[in-house]
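Each chain, letter by letter, is given below.
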Amino acid sequence: MSKPKIAVLGLQGDFHKHIERLAGLGAHAYAARLPEEISEADGLIIPGGESTTIGKLLVRYNLLDSIRTASDFGKPIYGTCAGLIVLATRITSSTSERGGQPTLGLLDITVSRNAFGRQIDSFESTIDAPIITGVGGKPLSAVFIRAPIVEEVGNNVQVLASYNGNIVFVRQDRILGSSFHPELTDDDRVHQYFLSVVDESLVTVTQH
Ligand code: GLN
């Protein structure tokens with residue numbers, strides 16, 4: 001099979017590390033800023049950064065529709081941290097800045113921004129995600145930076161991992177979202193998992 005083409009939204013934030021990680025796993029990964037760079041990809045990663053800024057830039061660069069169309073075509077999309085927030089249907093905030101930010105509304109979840117609180121702005125931990133590590137496998141390393149928590153999930157949303165009882169990794173069909181940054185650890189299993197979802201989607205598309 002040829003290399004899967006993965007667009008990493010390159011408007012703001014932490015996109016280079018995702019590109020490096022995906023390239024290391026054999027994908028053709030590139031920074032995407034134009035609608036056609038999204039539409040020609042087999043899958044998309046929306047990185048961490050600042051979700052209000054990413055949301056505004058999605059509007060300014062006219063990318064909301066091309067991302068929604070990619071999702072309608074069944075292309076896998078994975079949002080990390082701010083990317084998870086931008087994918088959500090409902091956003092709350094633990095800071096004074098509330099609501100009103102543009103979102104793609106592709107993941108049926110309520111997400112609370114900066115939900116781990118100011119004292120623990122950023123931390124690294126291990127989490128159990130059996131779907132990725134296998135039951136009893138080495139836990140995943142995860143880096144949380146001013147991270148959101150998923151407060152509610154819709155019926156079609158599967159919880160892939162929690163941390164201290166808080167939902168931090170979800171999947172709805174081919175849309176994935178994590179509160180944490182897997183690209184900032186040595187562990188590449190989350191990216192491998194995303195690429196396996198992309199592979200499955202390519203098989204389905206070719207069979208049609
Ligand atoms: N706190 C940021 C936000 O609300 C997300 C932080 C991150 O992506 N690491 O958008």
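Note: the structure precedes this text.
Residues numbered from 1 in each chain as written. Predicted model: local features only at pLDDT ≥ 70, side-chain atom pairs only at ≥ 80, totals over all residues. Heavy atoms only, no water.

A.B. asks: Describe the overall build of the chain, with residues and values.
C.D. replies: Summing up its helical and strand segments, the chain has seven helices and twelve strands in all. Over its C-alpha trace the chain gives a radius of gyration of 16 Å, about what one expects of a compact globule, namely 17 Å for 208 residues. Seen through its C-alpha atoms, the chain measures out along the principal axes to roughly 45 × 45 × 35 Å. In the chain, which comprises 208 residues, the proportion classed as buried is 54%. Counting only contacts in the chain whose residues sit at least 6 apart along the sequence, the fraction spanning at least 24 positions is 65%. Put simply, the chain shows about 9,500 Å² of open surface, and 48% of that area lies on carbon and sulfur atoms. Averaging the locations of the 18 positively and 23 negatively charged side chains of the chain gives two centres separated by 3 Å. (Helix = DSSP H or I, 4+ residues; strand = E, 2+ residues; numbered from the N terminus. Rg over C-alpha atoms; globule rule 2.2 N^0.38 Å. Buried < 20%, exposed > 50% of the residue type's maximum accessible area, 1.4 Å probe, protein only. Contact = heavy atoms within 4.5 Å. Areas by Shrake-Rupley, 256 points an atom, 1.4 Å probe, with all protein chains shown as cover. Lys, Arg positive; Asp, Glu negative; His and termini not counted. Charge placed at Lys NZ, Arg CZ, Asp CG, Glu CD.)

A.B. asks: Account for the pattern of salt bridges, with residues named and values stated.
C.D. replies: Taken as a whole and assessed by the stated rule, the structure comprises four salt bridges. The salt bridge involving glutamate 50 is made with arginine 113; its shortest N-O contact spans 2.8 Å. Of this pair, glutamate 50 sits in the loop between β3 (43-46) and α3 (51-60) while arginine 113 sits in strand β6 (residues 107-113), and the two are 63 residues apart along the sequence. For arginine 113, a relative accessible area of 3% gives the class buried. Taking the shortest distance from any N to any O, the salt bridge between glutamate 50 and arginine 146 comes out at 3.4 Å. Separated by 96 residues along the polypeptide, glutamate 50 in the loop between β3 and α3 and arginine 146 in the loop between β8 (140-145) and β9 (149-153) bring together distant segments of the chain. By relative accessible area, which is 40% here, arginine 146 ends up partly exposed. (Salt bridge = Lys/Arg side-chain N within 4 Å of Asp/Glu carboxyl O.)

A.B. asks: I'd like to hear about the site of the ligand, residue by residue, with values.
C.D. replies: As a matter of local geometry, the ligand sits amid Gly48, Gly49, Glu50, Ser51, Cys81, Ala82, Ile85, Arg113, Asn114, Ile145, Arg146 and His181. At 3.0 Å, a backbone N or O of isoleucine 145 approaches a nitrogen atom of the ligand. Backbone polar atom of arginine 146 to a nitrogen atom of the ligand: 2.9 Å apart, as the coordinates give it. The fraction of the free accessible surface of the ligand (300 Å²) that becomes covered by protein chains is 96%. Residue composition of the shell around the ligand, by class: four nonpolar, five polar and three charged. (Near = heavy atom within 4 Å. Polar contact = N/O pair within 3.5 Å; in protein donor to acceptor, adjacent residues only side chain to side chain. Nonpolar A, V, L, I, M, F, W, Y, C, P; charged D, E, K, R; others polar.)

A.B. asks: Mind laying out α3, listing which residues take part and the relevant values?
C.D. replies: For α3, the set of buried residues is Ser51, Thr52, Ile54, Gly55, Leu57 and Leu58. Along its buried surface, α3 packs onto β1 (5-9), α4 (64-72), α5 (82-87) and β6. Just beyond α3, the residue with positive phi is asparagine 62, at close to 60°.

A.B. asks: Quick one: what's the story with unusual backbone geometry, residue by residue and with numbers?
C.D. replies: Its identity as a non-glycine residue notwithstanding, cysteine 81 has a phi of 55°, on the positive side. Along the polypeptide, cysteine 81 turns up in the loop between β4 (77-80) and α5. Residue classification places cysteine 81 among the buried positions, given a relative accessible area of 4%. In this model, asparagine 164 sits at a positive phi of 50°, which is unusual for a non-glycine residue.

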